[in-house]
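# Residue-level structure breakdown
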Amino acid sequence: MFPARINQRIMLAAGLMLVIALALSSIAYGSTVIPLPAVLNALAHAAGFSDLTTSGPIERIVVDLRLPRVVLGICAGAGLGIIGAMLQTVTRNDLADPFLFGLSSGAAAGAVSVISIFGDRFGIWTLPIAAFSGGMLAAIIVLLLVRRVHGQGPERLILAGLAVSFLFAALTNYMVFSGDQRAAHSVLFWTLGGLGLARWDNLPLAMIGLFAILVYALANHRNLDAFLAGENTAESLGVRVTRTRNTVFIVCAFSTAIFVSVAGVIGFVGLMIPHIARRFTGQLHAGLVVTCALLGAMLILLSDLAARLLLAPQELPIGIVTSSVGAFFVVTTLLRRRTG
């Protein structure tokens, strides 16, 4: 047991170092490449640890543009990874992620309604408010549908989520078609996700989303572990299965709506990351949650860096990169299981 704990701590420390390295690389590289010493000096000066100043444009690029982008990527990636692990556990479905339950579709519909129809009536906060409201509305509809049917097992939650997901996807397409056609490009870019909206004033939203899902997952990791033995066993251990599943769904909906409201719809993170994390830490959630957070942050930082460099100075939507990686991951997993 002791060596296992040591190995786990070493892996977590290595993961944290990789996240820091990727964060610094993401700040340094882009349409304008900034030397690493200049990046470190700008960060130290902004934090008050150094009196040396860099040239004005470089420090502004580092502190006001790229650093918020990195922080948002870490929050969104870590949060989506944890959300995927929790949803897969409580539904006993390896394909569960925010897309499957209509959470991302609802948030996307809310944002698209602002972009193509209603406009920015509340200033810069209109888009985040609309996206958050759409995501929570989708979650409420799913739970109401589940309550209307006999029994509340995971398969009913999945079916209700699929129905709501298709409903909001159809609504989004209708608004794109019937709304301002000049906004179609903005809608496409936003629905595929990106970190371009990162600002210091909206980063607290992303931090709240990560804090909520991380604290809940760690505080309830034993209840989540009980689900691994089956619902009957979990009930015998004192876990209120239906209540826990619905609570997990609500917390995941809350955090997903926040992430989509500031970063758009970024797919496949919640699907891939838990499967990769389990290969390092196993099924138990105390280590799985932290590993999912680190791997999710790495995936988003790498994807965002690729999205900015592949067609520089143009920027690809980050969802294109994550979807490509996700498709490759799913195909590889299927082939491995077939040959195994």
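Source: prediction; values computed, not measured. Positions within a chain are numbered from 1, following the residues in the order the chain's sequence is written. Where local features are concerned, this predicted model is filtered to residues with pLDDT of at least 70; where side-chain atom pairs are given and counted, the filter is 80 or more; whole-chain, interface and lining totals use all residues. Calculation of side-chain values draws on the structure's entire complement of heavy atoms; hydrogens and water are dropped beforehand.

This part is about the overall build of the chain. Strands here are runs of E lasting at least two residues and helices are runs of H or I lasting at least four, both read from the DSSP assignment and numbered beginning at the N terminus. Within the chain, the regular secondary structure consists of 14 helices and zero strands. Secondary structure elements in the chain, listed N-terminal to C-terminal, are α-α-α-α-α-α-α-α-α-α-α-α-α-α. For a compact globule the rule gives 2.2 Å times the number of residues to the power 0.38, and the radius of gyration it is set against comes from C-alpha atoms. Relative to the globule expectation of 20 Å for 340 residues, the C-alpha radius of gyration of the chain, 20 Å, shows essentially globular dimensions. C-alpha atoms of the chain, sized along the principal axes, occupy 65 × 60 × 40 Å. Only protein chains enter the area calculation, which uses a 1.4 Å probe; residues under 20% of their type maximum are buried, those over 50% are exposed, and those in between are partly exposed. Across the 340 residues of the chain, 49% fall into the buried class. When checking whether two residues touch, look at their non-hydrogen atoms; a contact exists if any pair is within 4.5 Å. Within the chain, counting contacts between residues at least 6 apart in sequence, those at least 24 apart form 75% of the total. Using a 1.4 Å probe, accessible areas were evaluated by the Shrake-Rupley method; residue-level cover was limited to the displayed protein chains. Per element, the accessible surface of the chain, about 16500 Å² overall, is 68% carbon and sulfur.

Another aspect to go through is the UniProt feature "transmembrane region" (unreviewed entry) in the chain. UniProt positions are given in the numbering used here, feature names are shortened, and annotations may be inferred rather than shown by experiment. Within the UniProt annotation, "transmembrane region" (unreviewed entry) is assigned to residues 70-87, 99-118, 124-145, 157-177, 203-219, 248-273, 285-310 and 316-335. Measuring from the first to the last C-alpha atom of residues 316-335 gives 29 Å, for a span that is 90% helix and 0% strand.

Another point: the packing of helix 4 (residues 103-118) against helix 5 (residues 126-148). Lines fitted to C-alpha atoms define the axes, with helix axes restricted to the stretch in contact, and inter-axis angles between N-to-C directions lie between 0 and 180 degrees. Relative to each other, helix 4 and helix 5 sit at 145°, their axes nearing to 6 Å. Classified by chirality, the crossing of helix 5 by helix 4 is right-handed. For the pair helix 4 and helix 5, contact is made by Leu103, Gly106, Ala107, Gly110, Ala111, Val114 and Ile115 and by Thr126, Leu127, Ala130, Ala131, Gly134, Gly135, Ala138 and Ala139, respectively. Considered class by class, the residues forming the contact of helix 4 with helix 5 number ten nonpolar, five polar and no charged. The hand of a helix crossing depends on one turn: near helix anticlockwise from the far one by less than a right angle means left-handed, and clockwise means right-handed. Gly counts as polar in this scheme, as do all residues outside two lists: the nonpolar Ala, Val, Leu, Ile, Met, Phe, Trp, Tyr, Cys and Pro, and the charged Asp, Glu, Lys and Arg.

This part is about the pattern of salt bridges. Counted as salt bridges are all cases of a side-chain nitrogen of Lys or Arg within 4 Å of a carboxyl oxygen of Asp or Glu. Overall, the coordinates contain six salt bridges when judged by the stated rule. Here arginine 199 and aspartate 201 are joined by a salt bridge, their closest N and O atoms 2.9 Å apart. A residue is classified by how much of its surface remains accessible, and arginine 199, at 29% relative accessible area, is partly exposed. Note on aspartate 201: relative accessible area 37%, which makes it partly exposed. The closest approach of N and O atoms between arginine 308 and aspartate 304, which form a salt bridge, is 3.2 Å. With a gap of four residues between them, arginine 308 and aspartate 304 both fall in helix 13 (residues 285-309), about one helical turn apart. Each member of the pair, arginine 308 as well as aspartate 304, carries the same accessibility label: buried. Through salt bridges with shared partners, a single ionic network connects Arg69, Asp304, Arg308 and Glu315.

Where two aromatic rings form a pair, the distance of their centres and the angle of their planes describe that pair. Each Phe, Tyr or Trp ring (for Trp, its six-membered ring) is paired with any other whose centre lies within 6.5 Å, and the angle between the two planes then decides the class: stacked below 30 degrees, edge-to-face above 60, tilted in between. Scanning all chains against the criterion turns up two aromatic pairs. Plain terms: the ring middles of phenylalanine 101 and phenylalanine 249 are 5.7 Å apart, the flat faces sit at 70° to each other, and that makes the pair edge-to-face. Here the residue phenylalanine 101 occupies a position in the loop between helix 3 (56-91) and helix 4, and phenylalanine 249 occupies one in helix 11 (residues 241-263), the gap between them amounting to 148 residues. Assigned by exposure class, phenylalanine 101 and phenylalanine 249 land together as buried. Both rings, one in phenylalanine 132 and one in phenylalanine 254, keep their centres 5.7 Å apart while their planes meet at 90°; by these two values the pair is edge-to-face.

Let us now look at the environment of leucine 237. Checked against the element boundaries, leucine 237 lands in the loop between helix 10 (231-236) and helix 11. When its relative accessible area of 60% is taken as the criterion, leucine 237 is described as exposed. The sequence separation of leucine 237 and leucine 195 amounts to 42 residues, and the corresponding C-alpha distance is 43 Å.

With that out of the way, let us pick up the environment of leucine 301. Positionally, leucine 301 belongs in helix 13. Using a relative accessible area of 2% as the deciding quantity, one classes leucine 301 as buried. Leave out the neighbours within four places in its chain, and leucine 301 touches Val19, Leu22, Ala23, Val70 and Ile74.

A word on empty space enclosed by the protein. Think of a 1 Å grid over the protein atoms and nothing else: a 1.4 Å probe that fits but is trapped marks a cavity, an open set flanked by protein within 12 Å on at least five of seven lines marks a pocket, and residues with an atom within 4 Å of a point count as lining. Grid points are joined across faces, edges and corners, and a volume is the space filled by probe spheres set on the points. For the coordinates displayed, the defined rule picks out one cavity of 30 Å³ or more. As a volume, the largest cavity reaches approximately 90 Å³. Along the walls of the largest cavity sit 16 residues, with Leu80, Pro98, Phe99, Ser104 and Ile266 positioned nearest its centre. Those elements giving two or more residues to the lining of the largest cavity turn out to be helix 11 and helix 12 (269-281). Looking at the lining of the largest cavity element by element, the count peaks at four residues for helix 11. When grouped by side-chain class, the residues that make up the lining of the largest cavity number ten nonpolar, five polar and one charged.

Taken as a whole, the largest pocket encloses approximately 350 Å³ of empty space. Around the largest pocket sit 21 residues that line it, and Ile115, Leu127, Trp190, Leu197 and Arg199 are the ones nearest its centre. Going through the elements one at a time, helix 4, helix 5, helix 7 (184-191) and helix 11 are the ones with two or more residues in the lining of the largest pocket. By residue class, the composition of the lining of the largest pocket is eleven nonpolar, eight polar and two charged.

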